[in-house]
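Listed here are the chains, written in short residue letters.
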Amino acid sequence: LAAAITVTVNAAGLAAGFYQGYVTITGGAPQVVNGPIVVPVTLMVMAPNLAPNVTSLTPSGTAGGANPANQTFIVNNGGTGAPFAFNAAAVGGSWLSVTPTSGTTGATLTVSYNISGLASGVYFGGIQLTSATAANSGMILPVTLSLSQTGAAPTLTSISPQSASQSQVVTA
């Protein structure tokens, strides 16, 4: 006769680490024929930590053009326990911003980009997440902004001289 047994644990107040114990199953015949059954149980409690649902953000655009589209991500609790409060701040330049600047794990944050006045190139920044509760407070979600040059790529207009035996000059 098979039966399902559910074991629940209240990890509140437990420090991060491994906890071991036993569940003893007892009962009269015929449920437990050979006496009590002892089942070893291991519980792993993980420290609360900030866990964005993305590993990085990589917006792109054209220098002098429209701002890249806003991007969103969720800040999760990657550990054990209840949701907890955190703060968010954009670091690396005024071209980068985040809203809201505080929340509780499970919240969605929006990252915005203002490329006004930026030349073509690659810009590095990040969204820093802090929390008094999280083991990894201060972690940074990397943001890499790539801006291409304004205008179209140069077009080949002529090759001279026409003979392949001489050196060639390419004019764009």
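Residues numbered from 1 in each chain as written. Predicted model: local features only at pLDDT ≥ 70, side-chain atom pairs only at ≥ 80, totals over all residues. Heavy atoms only, no water.

Some remarks on the overall build of the chain
Item 1. The secondary structure content of the chain amounts to 0 helices and 13 strands.
Item 2. The secondary structure elements of the chain, listed N-terminal to C-terminal, are β-β-β-β-β-β-β-β-β-β-β-β-β.
Item 3. Within the span of the chain, comprising 172 residues, buried residues form 20% of the whole.
Item 4. Long-range pairs, those at least 24 residues apart, make up 58% of the contacts in the chain with a sequence separation of at least 6. (Helix = DSSP H or I, 4+ residues; strand = E, 2+ residues; numbered from the N terminus. Buried < 20%, exposed > 50% of the residue type's maximum accessible area, 1.4 Å probe, protein only. Contact = heavy atoms within 4.5 Å.)

Notes on the sheet that holds strand E5 (residues 71–77)
Item 1. Pairing in this open sheet of 4 strands is antiparallel, and the strands run E3-E5-E9-E7 from one edge to the other. At either margin of the open sheet sits one strand with a lone partner, and together these are strand E3 (50–52) and strand E7 (96–99). Adjacent strand axes in the sheet meet at a mean angle of 30 degrees, parallel and antiparallel pairs treated alike. (Pairing = 2+ DSSP bridges. Axes fitted to C-alpha atoms, helices over the stretch in contact; angles between N-to-C directions.)

Re unusual backbone geometry
Item 1. Here the bond from Thr99 into Pro100 is cis, since omega is -10 degrees, no more than 30 degrees from zero.
Item 2. In this structure, Pro100 sits in the loop between E7 and strand E8 (102–104).

Some details on the side chain of Ser131
Item 1. On the secondary structure map, Ser131 appears in the loop between strand E10 (121–130) and strand E11 (139–148).
Item 2. Side-chain polar atoms of Ser131 contact the backbone nitrogen of Thr133, separated by 3.1 Å.
Item 3. Those residues in contact with Ser131 that sit more than four places away from it in its chain are Leu50, Phe84, Ala85, Phe86 and Ser137. (Polar contact = N/O pair within 3.5 Å; in protein donor to acceptor, adjacent residues only side chain to side chain.)

Describing the sheet that holds E11
For sheets, the rule is that strands pair by backbone hydrogen bonds, running either parallel or antiparallel.
Item 1. If you walk across this open sheet you meet the 5 strands as E4-E11-E10-E6-E8, and the pairing is mixed. The open sheet has two free edges, formed respectively by strand E4 (60–62) and E8, since each of these has just one partner strand. Within the sheet, the average angular offset between the axes of one strand and its neighbour, ignoring direction, is 25 degrees.

A look at the nonpolar core
Item 1. Residues Phe73, Leu109, Val111, Ile127 and Leu129 are the most contacted members of the largest nonpolar core, which totals 22 residues.
Item 2. At 4 residues, the largest contribution of residues to this core is made by E11.
Item 3. Setting aside residues no more than four positions away along its own chain, Leu109 makes contact with Gln71, Thr72, Phe73, Val75, Phe86, Ala88, Val98, Thr99, Pro100 and Leu129. (Core = buried A, V, L, I, M, F, W, Y, C linked by side-chain atoms within 4.5 Å.)

Overview of a nonpolar patch on the surface
Item 1. Nonpolar side chains collect at one region of the surface, where Ile5, Val7 and Val9 lie side by side and expose about 280 Å² of accessible area between them.
Item 2. Inspection of the secondary structure assignment puts Val7 in the segment before strand E1 (17–25).
Item 3. You can call Val7 partly exposed: its relative accessible area is 48%. (Patch = residues over 30% accessible without salt bridge, like charges linked within 9 Å, V, L, I, M, F, W, Y side chains within 5 Å. Areas by Shrake-Rupley, 256 points an atom, 1.4 Å probe, with all protein chains shown as cover. Salt bridge = Lys/Arg side-chain N within 4 Å of Asp/Glu carboxyl O.)

Focus on the pairing of E11
Item 1. Relative to E11, E4 runs parallel, the two being bridged by 3 bridges. Residue pairing in the sheet places Thr62 in a bridge with Ser148 of E11.
Item 2. Here E10 pairs with E11 via 9 bridges, running antiparallel. Residue pairing across strands places Phe124 opposite Thr144, the latter belonging to E11.

Focus: the side chain of Asn49
Item 1. With respect to the element layout, Asn49 can be found in the loop between strand E2 (37–45) and E3.
Item 2. Among all residues touching Asn49, those that are not within four sequence positions of it are Asn76, Asn77, Gly78, Gly79, Phe84, Ala134, Ala135 and Asn136.

Digging into the environment of Leu129
Item 1. One can find Leu129 in strand E10.
Item 2. Separated by 78 residues in the primary sequence, Leu129 and Ala51 have C-alpha atoms spaced 9.5 Å apart.
Item 3. Setting aside residues no more than four positions away along its own chain, Leu129 makes contact with Leu50, Pro52, Phe73, Val75, Phe86, Asn87, Ala88, Leu109, Ser137, Gly138 and Met139.

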